[in-house]
Amino acid sequence: MWDVVVVGAGPAGASAAYAAAVAGRSVLVLEKAELPRYKTCGGGIIGPSRDALPPGFELPFRDRVHAVTFSLDGKFTRTRRSKQMLFGLINRPEFDQQLVEHAQKAGAEVRTGVTVARVEQHGSAVPDRRTVAVVLQGGETVLARAVVGADGSASRIGAHVGVKLDQVDLGLEAEIPVPQSVAEDWAGRVLIDWGPMPGSYGWVFPKGDTLTVGVISARGEGSATKRYLEDFIARLGLAGFEPSISSGHLTRCRSDDSPLSRGRVVVCGDAAGLLEPWTREGISFALRSGRLAGEWAVRIGEAHDAVDARRQALNYAFAIKAGLGVEMSVGRRMLTVFERRPGALHAAITGFRPAWNAFARITRGSTTLGELVRNHPLAGRALSALDR
């Protein structure tokens, strides 16, 4: 009998496992892949991600970003620079592995190559009402006082909880090794290109001798998204370099009324549909929601009846909605504006210093989208005007 079982060993799952293990509970992490493993992701670590890491965590930065080049579908290019680092860039296999190792050092046990078939909170596999049965493919059953679902955007635990989604996007990405001369041109600088389809954009993130190049757009535009990536790579003069990895991934955003728990099971990160709707940034949401899920899973595991377990689960949902939920709400408004008027947004961020300063403060972690709109009247009025 484990106090907490975490399904998934990405940033959300590793953060949940660390939080529960640090509290002195027995924790088991179940991961279907062998670690380390590749994940389609730009790998940008902004301030909120950095602030949510375990104490003593040394970020494996491949580059530190001090400049951002913005373009509008390849036109009206402008570069903005900062004396302070804006954000850092990591490779996900290294970053995720390091997070798992921190959870293990805190006392969590990790099993890889294990696929969860389903969870059961009633029936013959469940010995009492304080227990959740995690059934693995092959028939083995693992028992826990609480379960954290962190098994990604196609989450089986999310399906058990009943997670509802109202935004699904397709991200395509290529890891492109480049010669030193090309790498030096990109060092310390990223490119963000506002794309040709509503809500789409592309990016170039330098990581030493490799450039991570990707695009994202609404699901259902698969062919157009693929063309955008191909044209984007060609426009950058990178078509002659063979990618070491080409991959795709669906990002999923929760609806406002989507549940975050069911009984003694909670979900976090991509499994809960938690990410910023405009940029689709998910690492900071995974780290922060994972930590909260681990802390509240400890309380749920200690609950002696269904009423107390429900109360703790509702407290977890409140903590998520009061923080990440506010950021998501502003992000949805930003996405709507961006879909309608990408040129206006490009003009503001490249030609209006307060807009650039706001971008820099958000990436550094000194504020969030929600705090910016709530605490700065000018930002609130500007967003309301764009809404209209």
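What counts, and where the lines are drawn
- Residues numbered from 1 in each chain as written.
- Predicted model: local features only at pLDDT ≥ 70, side-chain atom pairs only at ≥ 80, totals over all residues.
- Heavy atoms only, no water.
- UniProt positions renumbered as here; feature names shortened; annotations may be inferred.
- Helix = DSSP H or I, 4+ residues; strand = E, 2+ residues; numbered from the N terminus.
- Buried < 20%, exposed > 50% of the residue type's maximum accessible area, 1.4 Å probe, protein only.
- Lys, Arg positive; Asp, Glu negative; His and termini not counted.
- Salt bridge = Lys/Arg side-chain N within 4 Å of Asp/Glu carboxyl O.
- Polar contact = N/O pair within 3.5 Å; in protein donor to acceptor, adjacent residues only side chain to side chain.
- Contact = heavy atoms within 4.5 Å.
- Core = buried A, V, L, I, M, F, W, Y, C linked by side-chain atoms within 4.5 Å.
- Bend = angle between axes of the 7 residues up to and from the residue.
- Axes fitted to C-alpha atoms, helices over the stretch in contact; angles between N-to-C directions.
- Parallel < 35°, antiparallel > 145°, perpendicular 65-115°, else oblique.
- Left-handed = near helix turned anticlockwise from the far one by under 90°.
- Pairing = 2+ DSSP bridges.
- Phe/Tyr/Trp six-rings, centres within 6.5 Å; stacked < 30°, edge-to-face > 60°.
- 1 Å grid on protein atoms, 1.4 Å probe; cavity = no way out; pocket = protein on both sides within 12 Å on 5 of 7 lines; lining within 4 Å.
- Points joined across faces, edges and corners; volume = space filled by probe spheres on them.

**A few points about the UniProt feature "domain: FAD-binding" (unreviewed entry) in the protein**
Moving on, step 1. Within this numbering scheme, the UniProt entry marks residues 85-283 as carrying the feature "domain: FAD-binding" (unreviewed entry).
Moving on, step 2. In residues 85-283, helix accounts for 21% and strand for 38%; the two terminal C-alpha atoms are 18 Å from one another.

**Notes on the side chain of E276**
Moving on, step 1. Examined against the element boundaries, E276 turns out to sit in the loop between β18 (265-267) and α7 (283-302).
Moving on, step 2. Buried and unpaired, E276 has R280 as its nearest opposite-charge partner, separated by 7.5 Å.
Moving on, step 3. There is a polar contact of 2.9 Å between the side chain of E276 and the backbone nitrogen of W278.
Moving on, step 4. Not counting the four nearest positions on each side in its chain, E276 is found in contact with E281, F285, G331 and L369.

**Some details on the nonpolar core**
Moving on, step 1. Among the nonpolar cores identified, the biggest contains 71 residues, and V5, F95, V134, V148 and Y316 are the most heavily contacted of them.
Moving on, step 2. At 10 residues, the largest contribution of residues to this core is made by α7.
Moving on, step 3. Here Y316 is in contact with L260, V266, V267, C268, S289, L292, A293 and W296, once residues within four sequence places are set aside.
Moving on, step 4. Counting residues in each nonpolar core, the second largest holds 26 residues, with I46, F70, W278 and L335 among its members.

**Regarding helix α8 (residues 306-340)**
Moving on, step 1. The largest bend in α8 is about 40 degrees, located at L324.
Moving on, step 2. Its side-chain oxygen 3.2 Å from the backbone nitrogen of V307, D305 forms the N-cap of α8.

**Notes on the packing of helix α1 (residues 11-22) against helix α3 (residues 92-105)**
When two helices pack together, their arrangement is given by the angle between the helix axes and the distance between those axes.
Moving on, step 1. Interaxial distance between α1 and α3 falls to 8 Å at its minimum, and their mutual angle equals 15 degrees. Overall, the two elements α1 and α3 adopt an arrangement that is roughly parallel. Judged by the sense of rotation from one axis to the other, the crossing of α1 with α3 is left-handed. On the side of α1, the interface is formed by P11, A14, A17, Y18 and A21, while α3 contributes R92, F95, D96, L99, V100, H102 and A103.

**What to know about the pattern of salt bridges**
Moving on, step 1. Under the definition given, this model contains 18 salt bridges.
Moving on, step 2. A salt bridge links D270 to K39, with the shortest nitrogen-to-oxygen separation between them at 3.6 Å. In this pair, D270 sits in the loop between β18 and α7 while K39 sits in the loop between β2 (27-31) and β3 (44-45), placing the two residues 231 residues apart along the sequence.
Moving on, step 3. R332 is the partner of D166 in a salt bridge, and the nearest nitrogen-oxygen pair spans 3.9 Å. Taken together, the residues span a long stretch of sequence, with D166 in strand β12 (residues 165-177) and R332 in helix α8 at a distance of 166 residues.
Moving on, step 4. If you follow the salt bridges from partner to partner, you end up with R37, R92 and D96 in one network.

**Looking at the sheet that holds strand β5 (residues 67-72)**
Moving on, step 1. Overall, mixed pairing links the 7 strands, which are arranged β6-β5-β13-β14-β15-β12-β16 in an open sheet. The open sheet has two edge strands with one neighbour each: β6 (75-81) and β16 (245-254). Ignoring strand direction, the axes of neighbouring strands in this sheet form an average angle of 20 degrees.
Moving on, step 2. Pairing geometry for β12 and β16, over 10 bridges, is antiparallel.

**What to know about the packing of aromatic side chains**
Moving on, step 1. Overall, the coordinates contain 12 aromatic pairs when judged by the stated rule.
Moving on, step 2. Between Y201 and W203, the ring centres sit 5.6 Å apart and the planes meet at 50 degrees, which makes this aromatic pair tilted. Accessibility assignment for this pair places Y201 and W203 in one class, buried.
Moving on, step 3. With centroids separated by 5.5 Å and ring planes inclined at 20 degrees, the aromatic side chains of W356 and F359 adopt a geometry described as stacked. Of this pair, W356 and F359 both sit in helix α10 (residues 353-364), 3 residues apart, which is roughly one turn of that helix.
Moving on, step 4. A residue is classified by how much of its surface remains accessible, and F359, at 17% relative accessible area, is buried.

**Structural notes on the UniProt feature "domain: FAD dependent oxidoreductase" (unreviewed entry) in the protein**
Moving on, step 1. UniProt marks residues 3-55 with the feature "domain: FAD dependent oxidoreductase" (unreviewed entry), using the numbering shown here.
Moving on, step 2. For the annotated span residues 3-55, helix accounts for 32% and strand for 23% of the residues, and the straight-line distance between the end C-alpha atoms is 23 Å.

**As for the sheet that holds strand β7 (residues 87-89)**
Moving on, step 1. Read from one edge of the open sheet, 3 strands run β3-β7-β4, paired in antiparallel fashion. Looking along the sheet, the strands with just one partner apiece sit at the ends: β3 and β4 (63-65).
Moving on, step 2. Inspection of the sheet shows β4 paired to β7 by 3 bridges, in the antiparallel sense. Across the sheet, residue V65 finds its bridge partner in β7, namely F87.

**Section: the layout of surface pockets**
Moving on, step 1. Considering only enclosed or pocket space, the second largest pocket measures out at about 250 Å³ in volume.
Moving on, step 2. Lining of the second largest pocket is provided by Q121, H122, G123, V126, D128, R129, T131, G263, R264, A306, A309 and R310.

**Some remarks on the side chain of D96**
Moving on, step 1. For D96, the position within the fold is in helix α3.
Moving on, step 2. If we skip the residues at most four places from it in the chain, D96 touches G10, P11 and R37.

**Regarding the pairing of strand β15 (residues 210-218)**
Moving on, step 1. For β15, the buried fraction is high: 8 of the 9 residues fall into the buried class.
Moving on, step 2. As paired strands, β12 and β15 are joined by 9 bridges and run antiparallel to one another. When the bridges of β15 are listed, P177 appears paired with T210.
Moving on, step 3. Here strand β14 (residues 201-207) pairs with β15 via 7 bridges, running antiparallel. Note on β15: the bridge partner recorded for V204 is V213.
Moving on, step 4. Where β14 folds back onto β15 in an antiparallel hairpin, the turn is made up of 2 residues, including G208, whose phi is positive at roughly 70 degrees.

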